[in-house]
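For reference, the chains in residue letters:
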Amino acid sequence: MATTVVGQPLSRVDARRKVTGTATYSAEHRVEGLLYGVIVNGTVARGTVSRISVDAALGHPGVLHVLTDFGSLRLAHPVDRIAFYGQPIAVVVAETLEAATHGASLVEATYERQDAVTDLDAPDIPSQTPADEPDYSRGDPAGALASAQVKVDLELTSARENHNPIELPSTIARWQDGRLTLWDKTQWSQGAARTVAGALGIAVGDVRVHNEFLGGGFGSGIQTYDHVMLAAFAAREVDKPVKVVLTRRQFYYGTGFRPASRHRMALGSTAAGRVSALVYEVRIENARYQSYTDGLTDLPQFLYGVPNTRTAYRVTPVDVHSPCSMRGPGVVLGNFALETAMDQLAHELAVDPVELRLRNEPTQDEVNQLPFSTRKLRECYATGARRFGWSRRLAKPGSRTDGDLLIGMGMATASYHNNRRDSSARARIHADGTAEVFAASADMGPGTTTSVMQVAADALGLPASAVTFRLGDSSYPTAPLHAAACTMASVGSAAHTTCNALKAEFVRRAVADPDSPLHGANPADVQVRDGRLEASGARDSYRDILRRAGLPSLDITGNWGPGDADSKISTYGYGAVFAEVSVDPLLGLVRVRRIFAAYDVGRVISPKLAHSQAIGGMVGGIGMALLEGTVTDHRDGRIVNASLADYLVPVNADITDLDAAFINTEDPQADPIGVKGLGEITIVGVAPAIGNAVFNATGKRLTDLPIRPEALL
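Reading the values: rules and limits
- Residues numbered from 1 in each chain as written.
- Predicted model: local features only at pLDDT ≥ 70, side-chain atom pairs only at ≥ 80, totals over all residues.
- Heavy atoms only, no water.
- Buried < 20%, exposed > 50% of the residue type's maximum accessible area, 1.4 Å probe, protein only.
- Helix = DSSP H or I, 4+ residues; strand = E, 2+ residues; numbered from the N terminus.
- Pairing = 2+ DSSP bridges.
- Axes fitted to C-alpha atoms, helices over the stretch in contact; angles between N-to-C directions.
- Parallel < 35°, antiparallel > 145°, perpendicular 65-115°, else oblique.
- Left-handed = near helix turned anticlockwise from the far one by under 90°.
- Contact = heavy atoms within 4.5 Å.
- Nonpolar A, V, L, I, M, F, W, Y, C, P; charged D, E, K, R; others polar.
- Phe/Tyr/Trp six-rings, centres within 6.5 Å; stacked < 30°, edge-to-face > 60°.
- Lys NZ or Arg CZ within 6 Å of the ring centre and 35° of its normal.

What follows deals with the pairing of strand 7 (residues 150-158). Side chains of strand 7 alternate between two faces, with V150, V152, L154, L156 and S158 buried and K151, D153, E155 and T157 left unburied. The pairing of strand 7 with strand 12 (residues 261-269) spans 9 bridges and is antiparallel. By the bridge assignment, S158 is partnered in strand 12 with S261. Where strand 7 lies against strand 29 (residues 704-705), 2 bridges are found, and the strand directions are parallel. Bridge pairing in strand 29 links S158 to L705.

This part takes up the pairing of strand 25 (residues 589-600). Of all 12 residues making up strand 25, 9 are buried, and the element is well covered by its neighbours. Turn length for the strand 24 (residues 572-584)-strand 25 hairpin, with the two strands adjacent in sequence and antiparallel, is 4 residues, and the turn residue G588 shows positive phi of about 70 degrees. Two strands pair when backbone bridges link them, and strand 25 and strand 28 (residues 657-662) are joined in this way by 6 bridges, in the parallel orientation. Each residue of the ladder has a partner; that of Y599, found in strand 28, is F662.

Now for the packing of helix 15 (residues 607-626) against helix 17 (residues 686-698). Packing of helix 15 against helix 17 brings their axes to within 8 Å, and their N-to-C directions diverge by 55 degrees. By the angle between their axes, helix 15 is oblique relative to helix 17. As helix 15 runs across helix 17, the sense of the crossing is right-handed. Mapping the contact onto sequence places G617, M618, G621, I622, M624, A625 and L626 in helix 15 and V686, A687 and I690 in helix 17. Broken down by class, the residue content of the contact of helix 15 with helix 17 amounts to 8 nonpolar, 2 polar and no charged.

A few words on the sheet that holds strand 4 (residues 88-94). Strand order in the open sheet made by the 7 strands is 3-4-1-11-8-9-10, with mixed pairing throughout. Pairing within the sheet leaves two strands with one partner each, and these edge strands are strand 3 (63-67) and strand 10 (207-210). Taken pair by pair, the neighbouring strands of this sheet meet at an average axis angle of 25 degrees, ignoring direction. By the bridge criterion, 6 bridges tie strand 1 (residues 35-41) to strand 4 in an arrangement that is antiparallel. Along strand 4, the bridge assignment pairs I39 with V91.

Pairing in this open sheet of 5 strands is mixed, and the strands run 15-16-24-25-28 from one edge to the other. In this open sheet, the two strands that pair with only one neighbour each are strand 15 (400-402) and strand 28. Sheet twist, expressed as the average angle between the axes of neighbouring strands with direction ignored, equals 30 degrees. Pairing analysis gives 3 bridges linking strand 15 to strand 16 (residues 405-417), with the strands arranged antiparallel. In the strand pairing of strand 16, R400 is matched with I407. On the sheet, helix 17 packs against strand 16, strand 24 and strand 25 and is oriented at approximately 155 degrees with respect to strand 16.

Time to look at the packing of aromatic side chains. This model, assessed by the stated rule, comprises 15 aromatic pairs. Aromatic side chains W390 and F578 sit 5.4 Å apart centroid to centroid with 70 degrees between the ring planes, which places their arrangement in the edge-to-face category. Here the residue W390 occupies a position in the loop between helix 11 (377-388) and strand 15, and F578 occupies one in strand 24, the gap between them amounting to 188 residues. Both residues of the pair, W390 and F578, count as buried. Members of the aromatic cluster, connected to one another through ring pairs, are F302, F372, Y572 and Y574. One Lys or Arg, R160, reaches over the ring of F257 and ends 3.9 Å from the middle of that ring. In this structure, R248 is placed above the aromatic ring of F251, and the distance from its NZ or CZ to the ring centre is 5.9 Å.

The structure is reproduced here in C-alpha cells:
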C-alpha cells in the first residue's frame, strides 16, 4: 500500500484547540437552563442509612432539590444499603455550583453500621477463584521446581493506585421529548449509553452521548459510574439539565482503581540458565458486590519458554468500591513479579539479565501452541542495549558510584496482547474534494484523531489537510472502548477498509461513466493521488465525479473485525526497557536518571505521537515504581490521601532523560494496517526495570511497590 501520510511525524490536529482553550470538554458545554448537582457521599464502608436530614440543605438559598430515593435506578451496587465508603446517598441540585456544594455539606445522615473489612490482608477473609481466571498448568511445575538446580522464590506486593487524570469525571444531562443527551467524560460513548439506558430503564436508542475531548483517562472512564446515572436521574426528576462534576476527593471514592495485589513468583532453572519451572500465585482486592479481574497471569504463562508452568489467580472480596482497569491493567503487575524474579535469577546464576532472557526465548506461544505473528523481541533487546549503553553496566551490585550516590542499571521485558475488536466507520467525500470519516471512538490523549486521519488520508489518496476524523458521539458507527490498546488496530482498520471501499466506488463510477476521461479503464490500473484518479495518462477527480452526478457528497459505511485470527496466530507487542537510577544511601532517595525502551509494536502510524505515548507510559511507570499508593483508613474505609497534595504522582522535577525507539516491522496477519497496540505496553516494563536498577545500585532486592525511602535505609 503506497503511503504519503502514514509515517509522517505530524503534530496533533486538535493541538491548537487544546492549547488555546477552544476545545470543549464535557463540563464546559453551554446548555440553556443548566442546574448544578453535587453528590453527598456516605461515610461508612458497610451498613444502611437509618435517617437522612435534608431540611437545612433545602433552606439554603439557591438549593432547589435534594434527591435521596434512588430505588428506581439499577446500579452496579445495591441502592438500599451501603457497600463502600463514599457511596452516593443524596444529590443536591441548585442554581449555582456554590449553592449546591454548600447545600451538600448541610445534609446529615445517621447509619446503622455493619462490621466492614477493607483490608486485603485482614485475617480470615476467604479468597475466591474468579470464573474467568481458572488455574492454569502445563507440564509438572511442582516437580520441576523441586528438582531445579537454581531457585528463586519471591513474595511481592503492590499498593492500590488511582488514575488521577487532569480532567475530573463530569457529566451534563439533558432530557428533551423523552430522549436523553449526555456530555460525559467517558472512554466509551456507546458503552455509556447502554449502561445509562439500563440503569434508567429506557431504550438505548433514546440515549446519545458526546465525548469529543477527554482530559486523560488511563482507564477511569471505561466504566460508567454512579455520577453519570445520577446526573441523568436528577435531570429527569427536576425536568432541567443538570451538571455533575466530581471533586478530586470524590474521584477517589466514585470511580475504580488499580487494585492492591499480593504475589508469589517462583522460578526454577538449570545451572545453564534454562528456566524449567514457573509458579505464580496472585491475589487482588475486590468488591463484595462485583467481581473484577485483570490479566495478571498473562505474561507469566506466555512470555518465556518455560515447559513447566502453573498460575493461580485469586480475588479477596472486601467492603470497597469495585476496582477497574488502569493503564497496563493486570499485565503491568504480573510482569513486575515476573521480571523482578528473572533479574534475581540472573544474579543468582551470574548471567547477564539480557542474556538470560535470550536463552529462554520461546519458538511459539506455549499457552495455545500457536505461531507468533511477529516477535522481534531479540531486536528490541539488541537495539535497547546498544542505545542505552548496557555494556557499561557493572554486574556486582553497589560497584558504581557518583560522589555519594550509588548508581545502578536495570532492564525488563515488556509485552501486551494485540487487542483488535469489531469496529465500523463511515467515510464521506464532499463536492469540494475534502473528506470526513466518522466512528464512535474517543481520544483521551494518544492522538487517535490524528492517526486515524492519517490512515484514512492514505486510503483515500488525499492529503492530510483534506481529511477530518470525527469521533466522540455515540450516534456514529460502532467502535469499541477506547482502552486495552485496541483503538488504532480496530478503528484504524475499519477506517482503512471503509475508505478503500469508498475510493473503489469512485473508481467504479469513473470507469463506467462515458463522460469521464477514465471511461473504460481497468479499475485495477487506476491510481488515486491528491484526490485525482489517474490511469494511462487520463485523469478524473473526486470533485468532477460528484459534479457530473449532481451529488453534494458520497459516503459509505463499512465494518472490520479480526474474525478468527486469534485462533491461528499469537499476536503481541514487545519491548525491552532499560533504566538507570541513583540512590542516596543516607536518605534512601531513588532518582531515575534515564530510561530507554525499544518496542516491536508493528507499523508505526505516527512516529511523533508514538514517541509521546512511550514517554507517557514511562512517566506512569515511574509513578508506579516510586510514588503512587492509595492509603485507606481501615477503621471506616476512608481514603486518607484522596488529593494531589497527598497522593504522589511524578512531576517535571522527577522526569529527566526518557527516550524510545521502534523496531521497523508490520503485523499484516493481525490487521490490514499492520499495527499493534501501543498505549498499554509502554508502562508494562518500567517499574521492574527501575526496581532492578535499584538492586544493581544497592544489592537490596525490593519487592514492594512503590519503593519507599525507608526500605533502603
